[in-house]
4 protein chains.
Amino acid sequence: MIKVGIVGGTGYTGVELLRLLARHADVKLHAVTSRKESGMKVAEMFPSLRGRVGIAFSTPEESDLSQCDVVFFATPNGIAMQQARELLAAGVKVIDLAADFRIKDVAEWEKWYGMTHASPELIAKAVYGLPEANREQIRAAQLIANPGCYPTAVQLGYLPLIEAGVVDAGHLIADCKSGVSGAGRKAEVSSLFAEAGDNFKAYGVNGHRHLPEIGQGLALAAGKPVGLTFVPHLTPLIRGIHATLYATLTKDVDVQALFEQRYVNEPFVDVMPAGSHPETRSVRGANVCRIAVHRPQGGNTVVVLSVIDNLVKGAAGQAVQNMNLLFGLPEDQGLDIVPLLP
Amino acid sequence: MIKVGIVGGTGYTGVELLRLLARHADVKLHAVTSRKESGMKVAEMFPSLRGRVGIAFSTPEESDLSQCDVVFFATPNGIAMQQARELLAAGVKVIDLAADFRIKDVAEWEKWYGMTHASPELIAKAVYGLPEANREQIRAAQLIANPGCYPTAVQLGYLPLIEAGVVDAGHLIADCKSGVSGAGRKAEVSSLFAEAGDNFKAYGVNGHRHLPEIGQGLALAAGKPVGLTFVPHLTPLIRGIHATLYATLTKDVDVQALFEQRYVNEPFVDVMPAGSHPETRSVRGANVCRIAVHRPQGGNTVVVLSVIDNLVKGAAGQAVQNMNLLFGLPEDQGLDIVPLLP
Amino acid sequence: MIKVGIVGGTGYTGVELLRLLARHADVKLHAVTSRKESGMKVAEMFPSLRGRVGIAFSTPEESDLSQCDVVFFATPNGIAMQQARELLAAGVKVIDLAADFRIKDVAEWEKWYGMTHASPELIAKAVYGLPEANREQIRAAQLIANPGCYPTAVQLGYLPLIEAGVVDAGHLIADCKSGVSGAGRKAEVSSLFAEAGDNFKAYGVNGHRHLPEIGQGLALAAGKPVGLTFVPHLTPLIRGIHATLYATLTKDVDVQALFEQRYVNEPFVDVMPAGSHPETRSVRGANVCRIAVHRPQGGNTVVVLSVIDNLVKGAAGQAVQNMNLLFGLPEDQGLDIVPLLP
Amino acid sequence: MIKVGIVGGTGYTGVELLRLLARHADVKLHAVTSRKESGMKVAEMFPSLRGRVGIAFSTPEESDLSQCDVVFFATPNGIAMQQARELLAAGVKVIDLAADFRIKDVAEWEKWYGMTHASPELIAKAVYGLPEANREQIRAAQLIANPGCYPTAVQLGYLPLIEAGVVDAGHLIADCKSGVSGAGRKAEVSSLFAEAGDNFKAYGVNGHRHLPEIGQGLALAAGKPVGLTFVPHLTPLIRGIHATLYATLTKDVDVQALFEQRYVNEPFVDVMPAGSHPETRSVRGANVCRIAVHRPQGGNTVVVLSVIDNLVKGAAGQAVQNMNLLFGLPEDQGLDIVPLLP
């Protein structure tokens, strides 16, 4: 049994990790830390876990996370970079669901995240945890930078086109829509039901932190920098991301075949039949990215539709997938969930 | 023109007052105070008011509210009781949308609201602003305690039965459902879209502050104390209250006729035809209470269905209705709004 | 492996059965019938089942359901009563998720459902599939009348009080709220997003088909007829029922202990700690009924809060639970699902 | 008083017209036709209109619409083209809220709408009712083709750029999101609450009927054909359209100033300050288009955000605006509505 610790279990990625790990056959939950809620039963805060998670939140001090085989950081940005070094030194594997180790260029990271990086030496060591791009490096890693939600949906949607070199990588447009759980379980006016409900808006048009993360991944695939316009929107869903991706074809290829071949062996990417329109609810609660690809009116603009559940393939599910890879388990262990529809 | 001040214009009752007053023919907006947001244009916080409300939030000090003809308190509980005395002394009329002056029994108020009342002497002076019960006293008042949202829906639903003495007033059950805007524009986890969306729950079953307010109003109508079980629920609406009221008939009366007669002259209470089921959206944005009354299977249990928009007839609309009465204006001035459906 | 057939797989109870059975270790799906959609892949209609359910809808004729070990009817009312006889004669077990066999009094059934019963002789043979009331009879049955959604939530909430004889069974009030999926996947104006969204209403106050079903179950527990007022409401949830149940205590009992003892061995009923308010989302997607019991202000009115997912414990999940009992499997086989929150 | 008839008053554009006309000072409602519902009070179907609209639906025969000064067609596509000729001959002005007269190229219209046009000779006579583009022609018209919802939001967002010739009109991308009321009040599975709620999807990526309408309007402004990729999405709003528009600048202009100047005299277009993100709720219920314009990272991609209420500026409100122009009334008569927020 893998001994698991979770730092910061009171947010949405935390409770989602717990939902998945509670049914994972090879996992034993060692500790869920929360300085603020220590002593409270986890299932008191999240009644969905009654009968599934018996332990209480504990302080970091009493938790002795160095005994764990793996520790997940389901924390705000800036925490893992302070605590990972000690755990790594103790031989613990670390999966950070926040952004601390995602950007290789430290200066770039510091610009977008507005803080000084506490462990720049760990960034090079960290492996970006997108299995569809990096599976072998992940297997061998000790420190995983679990991708952001938008970056997962966008990269999986663009990778076949970029890797094949069939689109103009200098002019990509990613119009993305996210459910409100993407903003986390923080008390903020803009995330209130009476603010975000029955409402739709763009945000961060002039710059969102996921822009450099996506750009880095696509540049790696392209072998050169890419030009990307990324516009995120808030939509009244609880869960779900829908990325609508635009690119201009530079070669006349069978895009449907291209996508099907690229993902033929991927257990968690579903290329839908030509003409499909994936719905966010078709992946609700499941670790799947469903993709459809279109060429409207047969023109040279290709439109990729890519949907994920932001809390699963966009966060906790992908983290468990990475854990499975780190420990040599079947990649879908604990992730065999049928989406909840309706 | 009536010179109007609003204390606390950053919450939902504040913006709703502004929506209504922006189109009120007899009103001139003097000041909207907010210590925290002073200097910010009101329409910057609430873009729905662009082109309608030109002024900025101001501090109480710079606002000189004593120049107003009427001041609305759209503040949390406990503010009006501290500031009303001075305004009243200056001859200003005051309408408190919070609870400070609603309960006549000071000890009871202090128990439920958990604070010492700062102006107990004003409580007797205050008139409870439910026009359908108190119209003449309101006309003559200087200080109005604007009713709570649940109390408005519940009292309007029970009054015909209680006043006529045809039900057992010792065993009333009010099962009420509220939209999330009723919790205000405060940053609280429980009001987040991802918490309150696609979810339904009761709350405060063992005691909610609106219980003594409803009990006081119904006791006045009954001429004796009443026995009331009040269970509020949170439902994923932005606006709307639906009260489902149960009582046992002690006389065999034509309840439909009873309701129609009671409200025949009321401009803002709509008794629907027998057999109707009022929908909350049928009053969305409007200062109306729609009511239907049933006797399931012809038995002696009477079921009253009463719906309001919690921000209009349950708050800001009723406050404007009270203002109209205070100043001798047509009662529906500025309230001639057709509900938004769908 | 149990060979399973589903009649009518295009509605919400059908797709929910498929979600559950797709992961059930002892089940082999033989056929999903739909005359209208025959030939279409099930996963084409419900993309959430891609990779999980490989078969296509088939006509009843080509399906040869008599080869099945068990057939579920996920059909509108009035279908199972026409087709069950032949299957039963062939030795097939039948679980009807509709209402055809729920009411023992045929005349009563015909009155509420507005049709002549096609197989009245089967009604006596049918066992009402509420395991918490009827577990042993279910094990021995061949024909199961799977309970309605409201009846499940209401009966589980009232049973401890009624069986113990501690409330006035002549005056029960069940104020119930349902998500919109309860109306099924039928194209009806009243179930449109723009009608049912951001809206709350009661319906069927003068009589709903679940009233006689609940009355029958409670009368059985009470050993005498009960008096019940049942008011259903439509609330903008996709899934979920919240029953708020009122009764007058006739004895001063520890209601918390009463509920805990009644359900101590029940795997799918969760009695929450005193003072709790169960949320519908805490059971989303799972075969659980969570219950809390209150005595507001310590009076003699007892308030029971009972929540289920209408498609799981209120339909397909309970049907699988019944199947497990029919075939001597662990009762929770295939039902080991952690609710989806948020 | 203008004598008004409405053909097809049972849909969302019909009830929205009634909401607006009920408060319009210069309008007298002559008839609302519905063959199916004739005899039923309009306010029985739409309780929001109780006390506002007294008449009943009537058959076309008994309505004698030729007595009207203006007739609105709030019907499905294909009705107005059959009935308009007779009304026009009788001197009645006609405003078609459907698509019958929007496309000048009959063959193109017939291809996209799948029917033979019944009155091709009227198409040339019809004026496209986008006042911000065609105000003077509208004043002089007898037959108005009221624009579609998407076309309104998209054209208002692109016009300043196209007219000024500062973008590459050959490569425009319009990523649009609509609330569910845009699909109308038709009983269709895909519009059910349990289908469209908590879900997001694209649709019609390979071709949507609004594409040629938008293309025609933009080509007119550009003086040459444009290249447009138009991807509509369904989002769980009741009302609202959010168009996110992308174009490549070919000149380095001050886009903020360009938009402000273009719309400086437009009463119903609000250019927001630089850096803004308009929300759909900021126009809920009002005849306004709010627009913000961005150049992310100062690059040459311009992003325009344009929001409307699809039932108001996208349908019934614009129709009333056109009526005001047709009859020489103040353009905002009856449209002086403050948006409903929250």
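On a predicted model such as this, the values are computed, not experimentally measured, just so you know.

### Looking at the overall build of chain A
Phase 1 of the analysis: The helix and strand tally for chain A stands at 12 helices and 14 strands.
Phase 2 of the analysis: Against the compact-globule benchmark of 20 Å for 342 residues, chain A has a radius of gyration of 19 Å, which places it among compact chains.
Phase 3 of the analysis: Dimensions of chain A, computed from the C-alpha atoms along their principal axes, are close to 60 × 45 × 40 Å.
Phase 4 of the analysis: Counting only residues that meet the buried cut, chain A has 61% of its 342 residues in that class.
Phase 5 of the analysis: Long-range pairs, those at least 24 residues apart, make up 71% of the contacts in chain A with a sequence separation of at least 6.

### A closer look at the environment of S190 of chain B
All names here are of chain B.
Phase 1 of the analysis: Locating S190 in the fold gives a position in the loop between β8 (172–178) and α9 (193–196).
Phase 2 of the analysis: The spatial distance from the C-alpha of S190 to the C-alpha of V180 is 9.6 Å, given a sequence separation of 10 residues.
Phase 3 of the analysis: Apart from residues no more than four positions distant in its own chain, S190 is found in contact with E195 and A196.

### Side note on the sheet that holds strand β1 (residues 2–7) of chain C
Residue and element names in this part refer to chain C.
Phase 1 of the analysis: Strand order in the open sheet formed by seven strands is β3-β2-β1-β4-β5-β7-β6, with parallel pairing between adjacent strands. The outermost strands of the open sheet, each flanked by one partner alone, are β3 (57–58) and β6 (127–128).
Phase 2 of the analysis: Sheet analysis places strand β2 (residues 27–33) next to β3, joined by two bridges and oriented parallel. Following the sheet pairing, T33 is matched in β3 by S58.
Phase 3 of the analysis: Sitting on the sheet, helix α4 (residues 80–89) is in contact with β1, β4 (70–73), β5 (93–96) and β7 (143–145), with an inclination near 165 degrees to β5.

### Looking at the packing of helix α8 (residues 149–163) of chain B against helix α12 (residues 312–326) of chain B
All names here are of chain B.
Phase 1 of the analysis: Taken N-terminus to C-terminus, the directions of α8 and α12 make an angle of 100 degrees; their axes are 8 Å apart at the nearest point. When the axes of α8 and α12 are compared, the pair comes out roughly perpendicular. Contacts between α8 and α12 involve C149, T152 and A153 from the former and K313, G314, A315 and Q318 from the latter.

### A look at the interface of chain D and chain A
For an interface, size is often stated in terms of accessible area lost upon the parts coming together.
Phase 1 of the analysis: Chain D puts 37 residues into the contact, and the matching count from chain A is 37 residues.
Phase 2 of the analysis: Residue assignment for the side of chain D that touches chain A shows that the elements contributing at least two residues are β8 (172–178), α9 (193–196), β9 (201–202), β10 (228–234), β11 (241–248) and β14 (301–308) of chain D.

### Regarding the domain arrangement of chain A
Residue and element names in this part refer to chain A.
Phase 1 of the analysis: Its domain assignment divides chain A into domain 1 (2–125) and domain 2 (149–310).
Phase 2 of the analysis: Look at where the C-alpha atoms of domain 1 and domain 2 centre, and you get two points 27 Å apart.
Phase 3 of the analysis: Across the contact, 10 residues belong to domain 1 and seven residues belong to domain 2.
Phase 4 of the analysis: Of all the elements, helix α5 (residues 106–113) adds the most residues to the side of domain 1 that touches domain 2, at three residues.

### With respect to unusual backbone geometry
Phase 1 of the analysis: For the bond from L341 of chain C to P342 of chain C, the omega torsion is 0 degrees, close enough to zero to count as cis.
Phase 2 of the analysis: Structurally, P342 of chain C is set in the segment after α12 (312–326).
Phase 3 of the analysis: Phi is positive for D64 of chain B, which is not a glycine, with a value near 45 degrees.
Phase 4 of the analysis: Inspection of the secondary structure puts D64 of chain B in the loop between α3 (60–63) and β4 (70–73).
Phase 5 of the analysis: Classification of D64 of chain B by C-beta neighbours within 10 Å gives partly exposed; the count is 13.

### Brief notes about the interface of chain A and chain C
Phase 1 of the analysis: Counting residues at the interface gives 26 residues for chain A, matched by 26 residues for chain C.
Phase 2 of the analysis: Among the residues forming the side of chain A that touches chain C, the class breakdown is 12 nonpolar, five polar and nine charged.

### Observations regarding the relation of the copies chain D and chain A
Phase 1 of the analysis: You can overlay chain D on chain A at an RMSD of 0.0 Å; the transform is a turn of 180 degrees with a shift of 0.0 Å along its axis. One copy is carried onto the other by what is essentially a two-fold rotation axis. Taking the C-alpha atom as reference, chain D places P236 of chain D closest to the rotation axis, 3.1 Å from it.
Phase 2 of the analysis: Comparing interface residues between copies, 100% of those in chain D also sit at the interface in chain A, which points to an isologous, same-surface contact.

### A short note on the pairing of strand β13 (residues 289–294) of chain C
Residues and elements named next belong to chain C.
Phase 1 of the analysis: β13 sits mainly inside the fold: six of its six residues count as buried.
Phase 2 of the analysis: Neither face of β13 is exposed, since C289, I291 and V293 on one face and R290, A292 and H294 on the opposite face are all buried.
Phase 3 of the analysis: The sheet contact formed by β13 and strand β14 (residues 301–308) spans five bridges and is antiparallel. The residue of β14 that forms the bridge with A292 is L305.

### Brief notes about the environment of I103 of chain B
Phase 1 of the analysis: By secondary structure assignment, the location of I103 of chain B is in the loop between β5 (93–96) and α5 (106–113).
Phase 2 of the analysis: Every residue in contact with I103 of chain B, bar those within four places of it in the chain, is listed here: E108, W109, P212, E213 and Q216 of chain B.

### Overview of the relation of the copies chain A and chain C
Phase 1 of the analysis: For the pair chain A and chain C, the best superposition has an RMSD of 0.0 Å and corresponds to a rotation of 180 degrees with a translation of 0.0 Å parallel to the axis.
Phase 2 of the analysis: Looking at the interface residues of chain A, 100% of them are also at the interface in chain C, so both copies use one shared face.

### So, the sheet that holds strand β1 (residues 2–7) of chain D
All names here are of chain D.
Phase 1 of the analysis: Taken in spatial order, the seven strands line up as β3-β2-β1-β4-β5-β7-β6 in an open sheet, and their pairing is parallel. Every interior strand has two partners, whereas the edge strands, β3 (57–58) and β6 (127–128), have only one.
Phase 2 of the analysis: Alignment of β1 against strand β2 (residues 27–33), held across six bridges, turns out to be parallel. Across the sheet, G5 pairs through a bridge with A31, a residue of β2.
Phase 3 of the analysis: Each of β1, β2 and β4 (70–73) is contacted by helix α1 (residues 12–21), which is oriented at about 165 degrees to β1, the strand it contacts most.
Phase 4 of the analysis: In the packing of helix α4 (residues 80–89) onto the sheet, the strands contacted are β1, β4, β5 (93–96) and β7 (143–145), and the crossing angle to β5 comes to about 165 degrees.

### Comments concerning helix α8 (residues 149–164) of chain A
Residues and elements named next belong to chain A.
Phase 1 of the analysis: For α8, built from 16 residues, the straight-helix expectation of 22 Å at 1.5 Å per residue is met to within 8% by its first-to-last C-alpha distance of 24 Å.
Phase 2 of the analysis: At Y158, α8 shows its maximal kink, close to 45 degrees; a proline, P160, follows between one and four residues later.
Phase 3 of the analysis: Of all 16 residues in α8, 14 are buried; the element is thus mostly enclosed.
Phase 4 of the analysis: Phi turns positive, to about 65 degrees, at G165, one or two residues after α8.

### What to know about the confidence of the model for chain A
Phase 1 of the analysis: Scored by pLDDT, chain A has a mean of 97; 100% of the residues are at 70 or more.
Phase 2 of the analysis: Both confidence scores are given for the complex: pTM 0.97, ipTM 0.97.

### A short note on α12 of chain C
Residues lying three or four places apart along an α-helix face the same way, a consequence of the helix completing one turn every 3.6 residues.
All names here are of chain C.
Phase 1 of the analysis: With 15 residues, α12 extends only 18 Å from end C-alpha to end C-alpha; this falls clearly short of the ideal 21 Å at 1.5 Å per step.
Phase 2 of the analysis: The principal kink in α12, of about 45 degrees, is found at Q318.
Phase 3 of the analysis: Within α12, 15 of the 15 residues are buried, which leaves the element mostly enclosed by the surrounding structure.
Phase 4 of the analysis: Of the residues flanking the end of α12, it is G328, one or two places downstream, whose phi is positive at about 70 degrees.

### Here's the deal with the pairing of strand β1 (residues 2–7) of chain A
All names here are of chain A.
Phase 1 of the analysis: A crossover connection joins β1 to the parallel strand β2 (residues 27–33) through helix α1 (residues 12–21); in handedness this β-α-β unit is right-handed.
Phase 2 of the analysis: In the sheet, β1 pairs with strand β4 (residues 70–73) via four bridges, with the strands oriented parallel. Across the sheet, G5 pairs through a bridge with V71, a residue of β4.

### Here we look at the environment of G328 of chain B
Phase 1 of the analysis: For G328 of chain B, the position within the fold is in the segment after α12.
Phase 2 of the analysis: Between the C-alpha atom of G328 of chain B and that of A140 of chain B, which follows or precedes it by 188 residues, the distance is 9.8 Å.

Cut-offs applied
- Residues numbered from 1 in each chain as written.
- Chains lettered and ligands numbered in written order.
- Predicted model: local features only at pLDDT ≥ 70, side-chain atom pairs only at ≥ 80, totals over all residues.
- Helix = DSSP H or I, 4+ residues; strand = E, 2+ residues; numbered from the N terminus.
- Rg over C-alpha atoms; globule rule 2.2 N^0.38 Å.
- Buried ≥ 20, exposed ≤ 12 C-beta atoms within 10 Å, placed from the backbone.
- Contact = placed C-beta atoms within 7 Å.
- Pairing = 2+ DSSP bridges.
- Axes fitted to C-alpha atoms, helices over the stretch in contact; angles between N-to-C directions.
- Parallel < 35°, antiparallel > 145°, perpendicular 65-115°, else oblique.
- Domains from an automatic or database assignment.
- Nonpolar A, V, L, I, M, F, W, Y, C, P; charged D, E, K, R; others polar.
- Least-squares fit on C-alpha atoms with pLDDT ≥ 70 in both.
- Expected span 1.5 Å × (residues − 1).
- Bend = angle between axes of the 7 residues up to and from the residue.
- pLDDT = per-residue confidence, 0-100.
- Right-handed = clockwise from strand over helix to strand, strands pointing away.

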